[in-house]
Amino acid sequence: MDSTGVPHILEHTVLCGSQKYPCRDPFFKMLNRSLSTFMNAFTASDYTLYPFSTQNPKDFQNLLSVYLDAAFFPCLRQLDFWQEGWRLEHENPSDPQTPLVFKGVVFNEMKGAFTDNERIFAQHLQNKILPDHTYGVISGGDPLCIPDLTWEQLKQFHATHYHPSNSRFFTYGNFPLEQHLKQIHEEALAKFERIESNTDIPKQKLWDKPREHRVTCGLDSFAADPSKQTTVSVSYLLTDITDTFETFTLSLLSSLLVDGPNSPFYKALIESGVGTDFSPDVGFNGSTREAYFSVGLQGIAERDIDTVKQIIDRTVDEVIAKGFEEDRIEALLHKIEIQLKHQSTSFGLALTSYIASCWNQDGDPVELLKIADKVSQFKQCLKENPRFLQEKVKTYFKDNPHKLTLSMSPEEDYHDKQAKMEAEKLEKKVKALSEEEKTQIFEKGLELIALQSKPQDTSCLPALKVSDIEPKIPFTVLETALTADDIPVQYCAQPTNGVVYFRAVSSLNTLPEELKPYVPLFCNVITRMGCGALDYREQAQKIELKTGGMSVSPHIIPDDSHLDVYEQGVLFSSLCLDRNLPDMMNLWSEIFNNPRFEEEEHFRVLVKKTAQELSNGIPDCGHLYASIRASKNLTPSGELQEMFSGMDQVKLMKRIAEMPDIKPVLRKLPRIKKYLLNSDNIRCSVNAAPQQISEASKEVEKFLKGIARSKKERKPVRPHVIEKSSEVKPVGSEMLTGLQITRKLVNDPTFKPCQMKTHFVLPFPVNYIGECIRTVPYTAADYASLRILARLMTAKFLHTEIREKGGAYGGGAKLSQNGIFTFYSYRDPNSLATLKTFEKAVEWAKSGEFTQQDIDEAKLAVFAAVDAPIAPSDKGMGHFLYGISDEMKQSHREQLFAVNSDNLVDVSNKYLAAGKSTRGQAVLGPENADITKDPSWVKR
């Protein structure tokens, strides 16, 4: 009922130890004692969810036991509350004379969350449209309110909410249900008496007239037009989500209103040129007791707020008058059919999330899952009443007084004001302390550090053993055929449930250097500008009606045995129902042969939208941007990675979005098309059901024969091209023989890695940090040792130092496929201190102060990732995309099993020790005096 974040802090604290498992932090410890494919915890606006998954039955029991005990019998120690929630601590914890500061994981997590303007807007939207009860506060916690929460309140909240009578259990998968029920009963339910939990959320009292609110946020450093940083939306309260058919209908209606370039609001708002993109949380939101619909624009001038409101009202009237084209309704139902057939490895988790809100409000979860029935009922309603949807629009939009207009504009000193309020809060807290209390805080702080530094006895926790890991992987059967003038096509027969998956990779080797930076933009718009006889609206309609989506993305793949060798290309991917394969391949033919580039206005809309999305994504992916920049100068492909997906790309898109005349950029696209959309250097793959393969091969052959081939051979821009083949063994089929897929890789023999430190100054209150070190490629003997070492350092050193002691939301080490070893931290109150921690982690590894059990745990965690389930649509992709065969995977597996303590110390000395390998560092975050006065840092 307040914004102290009590459910969120509780979510963290219950995972810090329980009666049966009293060691500190069983949650993070279990990550290394299990082969889990997923483990997490989420706090929503009105429930907390604790999901996990694994493919091993013993592991499932272990994890269920730890989670049940955590939820119902947690220790809830005061020191855990201080570490996870908030605490007062001296700036220098060993000196009581230094000033006090706020510390705590959730405190910094939420400070980081609210650097994201989209998050600020969405939060205000929910608070203001449902103001009367729990939705009017911030369940995750407002950083300015978090320090008001006491340990006593936390325990009280647990006692009233975390009771089996107030909980729900969901399992999905093919382990026997009886075993789950027995375990849940014995370890939790049987130990409690049923109580009446009064956690029901009353319905929101409906307004008799619309309301307006204005809020503020921080400036966007990457706004294409600094004078246009206002966001406005109009939102309508809809129905109770436990009315499942009405909710289903309204979510479909919302899709018809805002999805894709044919939707009325896209045409009216996005194409008006008034803003850059839809406002945050656009469309249907069904995660609260009563759903709501929201639509508006971001990136507008403040003076245009009224214009946007008028456009929205006018569009509602038009929809009531005209309704929707039949084709669009059909396309939407087709999308549902594909979603039901497409198998993802997180299907169970998706179902849990889908039913959680409604079930939590005592809706019927089984009813909710009968989607096919709802589709039939929906079709029936339309048949009986052709104005069915228009009437809903009139009821819920036109005649609904519970309507909120929310606008948000940036304040020059927004983050400074927040910091000032935080400082005042701190001062008030400190002023209220007696000398005795200050001494006590200091002593408690020392006690917490001592506890954090103490070796843990984890023997109480269940664990799998390395011997539980399968020694061999099952090999995937792949067949390759050469089609249409020697173009290789890989076929993988899989139980794909009536869906065909097509992919192609086309090389960038001949593309002139000056066009390279525009490749991501080309990829982004090539399926959205129209093709052949179809304009962009008709193309979008056809893609929705006949496919599950068509996407194009840059494809930079490091070689598996040389760090300075890589493949550069573009990946085309799409999926469709079996019956629509000819239509899908025909769409690709038109996109390759006759893409349209004449719609300048539509191109401008796409550019502004892309630039806005990139800018909005920085607070969530800051550590990735830091890591990409830090590795930029370590390998030749690093430079390309930064150009395509680093801060360089964010800045380029901002620059293009600012151009008064966009023609010069638009003119580059047909030039890129000439080098990319042909069959000179392409390879394809198909994943489909066995009985579909021969049909698919005919369609793919037709596509390949129909696309252009250059008359004269184009020379690669970088002369050093290496041809690399991978053998595919035939499997008893007459039509196919043993073939080699040849990939043309680029080598830069003159490349010299160099050190670089970059500080991106951004108006954030927390830092995102990356440090990258050049090591060895995938097939090298030391790669497996470095991979285990990264996991070991994360679990046994970095997690404690960066998260528990440092108060950052996250941090660790990882080894990428490209042989770059990365240290990172996320939403971190520290900067240079964290880089020091990375150094200490290397010293710790060199000293070899870890046990055999530590190594085994790191192996379990690595194998959990290596053996993560692969959906039928993705089988064989390691080979097709990366050139990594099952044989190579198996030998990597054997190297992982063989890693020992000496190997780990050896690779620490060989690659990670100071001065051994070239490294780069990057920080995204606020102004920093220490970095500024160090001349080795480049400020951006």
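Note that the structure is predicted; figures quoted are calculated from it, not measured. (Residues numbered from 1 in each chain as written. Predicted model: local features only at pLDDT ≥ 70, side-chain atom pairs only at ≥ 80, totals over all residues. Heavy atoms only, no water.)

Q: Looking at this model, I keep getting lost on the nonpolar core. Mind explaining?
A: Nonpolar side chains tend toward joint burial in soluble globular proteins. Within the largest apolar cluster, 115 residues are counted, with the highest numbers of intra-cluster contacts made by Phe-265, Phe-378, Phe-502, Trp-588, Phe-603 and Leu-704. When residues of this core are assigned to their parent elements, the largest contribution, 8 residues, is made by helix H9 (residues 244-258). Filtering out sequence-adjacent residues up to four positions away, Phe-603 remains in contact with Leu-521, Val-525, Met-529, Ile-662, Val-665, Leu-666 and Leu-669. Of all hydrophobic cores here, the second largest spans 66 residues; its members include Val-106, Ile-120, Ile-184 and Met-408. (Core = buried A, V, L, I, M, F, W, Y, C linked by side-chain atoms within 4.5 Å. Buried < 20%, exposed > 50% of the residue type's maximum accessible area, 1.4 Å probe, protein only. Helix = DSSP H or I, 4+ residues; strand = E, 2+ residues; numbered from the N terminus. Contact = heavy atoms within 4.5 Å.)

Q: Which parts of the structure should I look at to understand empty space enclosed by the protein?
A: Over the atoms rolls a probe the size of a water molecule, and in doing so it shows where empty space is left. Evaluated as defined, the whole model comprises 4 cavities of 30 Å³ or more. The volume enclosed by the largest cavity comes to roughly 80 Å³. Contributing to the lining of the largest cavity are Ser-255, Leu-256, Asp-259, Arg-328, Ala-331, Leu-332, Lys-335 and Glu-544. Within the residue set of the lining of the largest cavity, elements represented by two or more residues are H9 and helix H12 (326-341). (1 Å grid on protein atoms, 1.4 Å probe; cavity = no way out; pocket = protein on both sides within 12 Å on 5 of 7 lines; lining within 4 Å. Points joined across faces, edges and corners; volume = space filled by probe spheres on them.)

Q: Whenever I open this one, the pairing of strand E18 (residues 682-688) confuses me. Can you help?
A: Each regular strand shows side chains that alternate between the opposite faces of the sheet. Of all 7 residues that make up E18, 7 are buried, and the element is covered over most of its length. Relative to E18, strand E14 (residues 487-493) is paired through 5 bridges, and the arrangement is parallel. Along E18, the bridge assignment pairs Gln-490 with Ser-685. (Pairing = 2+ DSSP bridges.)

Q: How do you make sense of the side chain of Asp-220 when you look at a structure like this?
A: Locating Asp-220 in the fold gives a position in the loop between strand E7 (211-217) and strand E8 (230-240). Among buried Asp, Glu, Lys and Arg side chains, Asp-220 stands out as unpaired, with Lys-654 the closest opposite charge at 7.5 Å. Reaching out from Asp-220, the side chain makes a polar contact with the side chain of Ser-615 at a distance of 2.7 Å. In this structure, Asp-220 is in contact with Gln-229, Gln-612 and Ser-615, ignoring residues within four places of it in sequence. (Lys, Arg positive; Asp, Glu negative; His and termini not counted. Salt bridge = Lys/Arg side-chain N within 4 Å of Asp/Glu carboxyl O. Polar contact = N/O pair within 3.5 Å; in protein donor to acceptor, adjacent residues only side chain to side chain.)

Q: Would you mind showing me how to read unusual backbone geometry here?
A: A negative phi angle characterises most non-glycine residues, just as the trans form characterises most peptide bonds. Residue Asp-281 is not a glycine yet carries a positive backbone phi of 60 degrees. Relative to the helices and strands, Asp-281 resides in the loop between strand E9 (277-278) and strand E10 (283-285).

Q: Just to check I follow, could you spell out the packing of helix H18 (residues 435-453) against helix H28 (residues 781-805) for this structure?
A: The angle between the axes and the distance between the axes are what describe a pair of packed helices. Running from N to C, H18 and H28 cross one another at 155 degrees; their axes reach a closest spacing of 10 Å. Comparing the axis directions of H18 and H28 gives the class roughly antiparallel. In this structure, the crossing between H18 and H28 has a hand that is right-handed. When H18 is examined against H28, the residues Ile-449, Gln-452 and Ser-453 are found in contact with a partner set consisting of Thr-800, Glu-804 and Lys-805. Of the residues belonging to the contact of H18 with H28, the class tally is 1 nonpolar, 3 polar and 2 charged. (Axes fitted to C-alpha atoms, helices over the stretch in contact; angles between N-to-C directions. Parallel < 35°, antiparallel > 145°, perpendicular 65-115°, else oblique. Left-handed = near helix turned anticlockwise from the far one by under 90°. Nonpolar A, V, L, I, M, F, W, Y, C, P; charged D, E, K, R; others polar.)

Q: What am I meant to see in the sheet that holds strand E25 (residues 919-925) here?
A: Spatially, 6 strands are ordered E23-E24-E22-E25-E21-E26 in an open sheet, and the strand pairing comes out mixed. This sheet does not close on itself; its edge strands, each paired only once, are strand E23 (810-815) and strand E26 (938-939). Pairing of strand E22 (residues 767-774) with strand E24 (residues 820-828), which is carried by 7 bridges, proceeds in the antiparallel orientation. Counterpart to Ile-769 in the pairing with E24 is Ser-825. Sheet contacts for helix H22 (residues 600-630): strand E21 (756-761), E22, E23, E24 and E25; angle to E22, the most-contacted strand, approximately 30 degrees.

Q: Help me understand a negative patch on the surface in this model?
A: Among the surface-exposed residues, Glu-325, Glu-326, Asp-327 and Glu-330 lie close enough to one another that they form a single negatively charged patch. Here Glu-330 shows up in helix H12. (Patch = residues over 30% accessible without salt bridge, like charges linked within 9 Å, V, L, I, M, F, W, Y side chains within 5 Å. Areas by Shrake-Rupley, 256 points an atom, 1.4 Å probe, with all protein chains shown as cover. Charge placed at Lys NZ, Arg CZ, Asp CG, Glu CD.)

Q: Can you walk me through the environment of Gly-920 in this structure?
A: As for its position among the elements, Gly-920 is in strand E25. The sequence separation of Gly-920 and Glu-771 amounts to 149 residues, and the corresponding C-alpha distance is 5.7 Å. In this structure Gly-920 touches Ala-630, Leu-634, Met-756, Gly-770, Glu-771 and Cys-772, once residues within four positions along its chain are discounted.

Q: Would you explain the environment of Asn-285 in this entry?
A: When you line up the elements, Asn-285 lands in strand E10. Residues Asn-285 and Ile-195, spaced 90 residues apart in sequence, show a C-alpha to C-alpha distance of 32 Å. In this structure the side chain of Asn-285 is engaged in a polar contact, spanning 3.3 Å, whose partner is the side chain of Asp-281. Within the structure, Asn-285 has its side chain in polar contact with the side chain of Ser-287 (distance 2.8 Å).

Q: What is the right way to look at the pattern of salt bridges in this model?
A: Any two side chains of opposite charge can pair, given that their charged atoms come close. Scanning the model with the defined rule gives 62 salt bridges in all. Two residues, Glu-424 and Lys-420, come together in a salt bridge whose shortest N-O distance is 3.4 Å. Taken together, the residues span about one helical turn, with Glu-424 and Lys-420 both in helix H17 (residues 414-431) at a distance of 4 residues. Here Glu-427 ties to Lys-431 by a salt bridge, and the two come within 3.4 Å at their closest N and O atoms. One end of the pair is Glu-427 and the other is Lys-431, both in helix H17 and 4 residues apart, which spans about a single turn. Under the relative-accessibility criterion, Glu-427 is labelled partly exposed at 45%.

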